[in-house]
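Structural characterization, general
Letter by letter, the chains look like this.
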Amino acid sequence: MSKKAYLETAQDATKAVNIGIDTDTVHGAVMPPIYLSSNYTFEGFGQKRTYDYARSGNPTRAVIAEVLTRLEHGAGAVMTSSGLAALDLLWQELPNNRVVVPHDCYGGTQRLLNARTRQGLIEVDYVDQGDEAAIAAALSKPAGLLLLETPSNPLMRLIDLQKLIKLGHAAGARVAVDNTFLSPALQNPISFGADYAVHSTTKYINGHSDVVGGAIVTKDAEEAVRLNWWANALGCTPSAFDSYLTLRGVRTLLVRVRQQQESAQKIAEYLEGHPAVASINYPGLKSHPQHELAKAQQKGFGGMMSFELKGGIEAVKRVLDVVDLFSLAESLGGIESLIVHPASMTHAAMSPEAQATAGISGGLLRLSIGLEDVEDLIAALERALKVA
Ligand code: PLP
């Protein structure tokens, strides 16, 4: 069987590692070479090669797009210079300019949506995506796009993808799922009928906290062509070098995530029994209200969690003053463990009222579990929580 044919049916870890490997016909390089050139010659008059200008296309970018397309079980992909640039492509030329989004979606997504609303490009309805009646009411009027995030950030609330995708389609909307938190290693929205799986590749897909990037994988091949047209027109495509680093990162996505979630499970169980912790949000715990849904629609529980300290914001300040090993930094999904105070960091752009509505309190902390030894991570939390 040829390698290309074999990869059609291979497991995801094999696809992640092998797509694009050993395809160089010039020198036989095992790793796909990187072409930093911004432009490509024409073979002659009117004879364009595959690539002409790097804003519109680049060989390394094409390989990472193919890897993500296969991992998300889609038909095509567009790569972008950030996750927000990917999201901003979604509302170009909607059949209807009404966009329905979760009220607790990523803060940067809200800032962008609000700015595009002020410009008159779209009209936004924020809904509690956990409230089926509210979603049904929002979708009782025609909509152009339903954007979903599951699990939500930072409270790790899940939504039933199959059910909501059906509701979105019934309202005439295209349905996009921001799959950044789980990555294609653990959830494939297109398999549940979504039109788009959107990623900040900055997070798990690159996984080494050294590139900002984004992607949309589409269910329909024509949609990928249309979105690539827009990405070229807007100029929001990623550089060859960022594509190269992201491709290098995605090669190990499945093994990284497997290890991160194994550690996350142990850490969540440790925190659940800690006297300073009021509540913990991790879908891998039996106590999580949507543990069964997580088992049904996810391939694992992931490396993200949040927990509330009994001592509120004052305890948070004391803990963050002394915590070691976990870096106090935004972002997630990298090899290094991170701790975040959502109310003052990742979700600071939300008004206090919006934070309260979304359930983001001053005592809440979010963890992104990295690849350090889990016993060291638990020991670091033990030291820090002594002052909580
Ligand atoms: N979507 C989610 C869920 C995110 O967490 C982020 C960034 O934190 C984004 C989108 C935006 O991605 P980027 O920072 O790559 O623009």
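Bear in mind the structure is a predicted one, so any value in this text is a computation, not a measurement.

1. Re the side chain of Q92
Locating Q92 in the fold gives a position in the loop between α4 (83–90) and β2 (98–102). Note on Q92: relative accessible area 8%, which makes it buried. Among the polar contacts made by the side chain of Q92, one reaches the main-chain carbonyl oxygen of D88 at a distance of 3.1 Å. The contact partners of Q92, leaving out residues within four places of it in the chain, are R226, W230 and L234.

2. A word on empty space enclosed by the protein
Enumeration over the complete set of coordinates arrives at two cavities of 30 Å³ or more. Within this model, the largest cavity holds a volume of roughly 50 Å³. Surrounding the largest cavity, M79, T80, T201, V211, V212, G213, G214, P238, D242, S243 and T246 form its lining. Of all the secondary structure elements, the ones that give two or more residues to the lining of the largest cavity are β1 (76–80) and α9 (240–250). Ranked by residues supplied to the lining of the largest cavity, first place goes to α9 with three residues. Residues belonging to the lining of the largest cavity are distributed by class as follows: four nonpolar, six polar and one charged. If you add up the space inside the second largest cavity, you get close to 40 Å³. If you trace the second largest cavity, you find it lined by D104, D128, Q129, G130, S152, R157, L158 and I159. In the lining of the second largest cavity, the residues fall into two nonpolar, three polar and three charged.

3. A look at the sheet that holds strand β9 (residues 304–309)
Each strand in a sheet pairs with another by means of backbone hydrogen bonds, the pair being arranged parallel or else antiparallel. Taken together, the five strands give an open sheet; going across it, the order is β8-β9-β12-β11-β10, and neighbouring strands pair in mixed fashion. Looking at which strands have only one partner, the edges of the open sheet turn out to be β8 (277–281) and β10 (327–328). Bridge count for β8 against β9 is four bridges, and the pairing is antiparallel. Each bridged residue has a counterpart across the sheet, and for I280 the counterpart in β9 is F307. In the packing of helix α10 (residues 253–272) onto the sheet, contacts are made with β8, β9 and β12 (364–368), and the angle to β9 comes to roughly 10 degrees.

Rules used throughout
- Residues numbered from 1 in each chain as written.
- Predicted model: local features only at pLDDT ≥ 70, side-chain atom pairs only at ≥ 80, totals over all residues.
- Heavy atoms only, no water.
- Helix = DSSP H or I, 4+ residues; strand = E, 2+ residues; numbered from the N terminus.
- Buried < 20%, exposed > 50% of the residue type's maximum accessible area, 1.4 Å probe, protein only.
- Polar contact = N/O pair within 3.5 Å; in protein donor to acceptor, adjacent residues only side chain to side chain.
- Contact = heavy atoms within 4.5 Å.
- 1 Å grid on protein atoms, 1.4 Å probe; cavity = no way out; pocket = protein on both sides within 12 Å on 5 of 7 lines; lining within 4 Å.
- Points joined across faces, edges and corners; volume = space filled by probe spheres on them.
- Nonpolar A, V, L, I, M, F, W, Y, C, P; charged D, E, K, R; others polar.
- Pairing = 2+ DSSP bridges.
- Axes fitted to C-alpha atoms, helices over the stretch in contact; angles between N-to-C directions.

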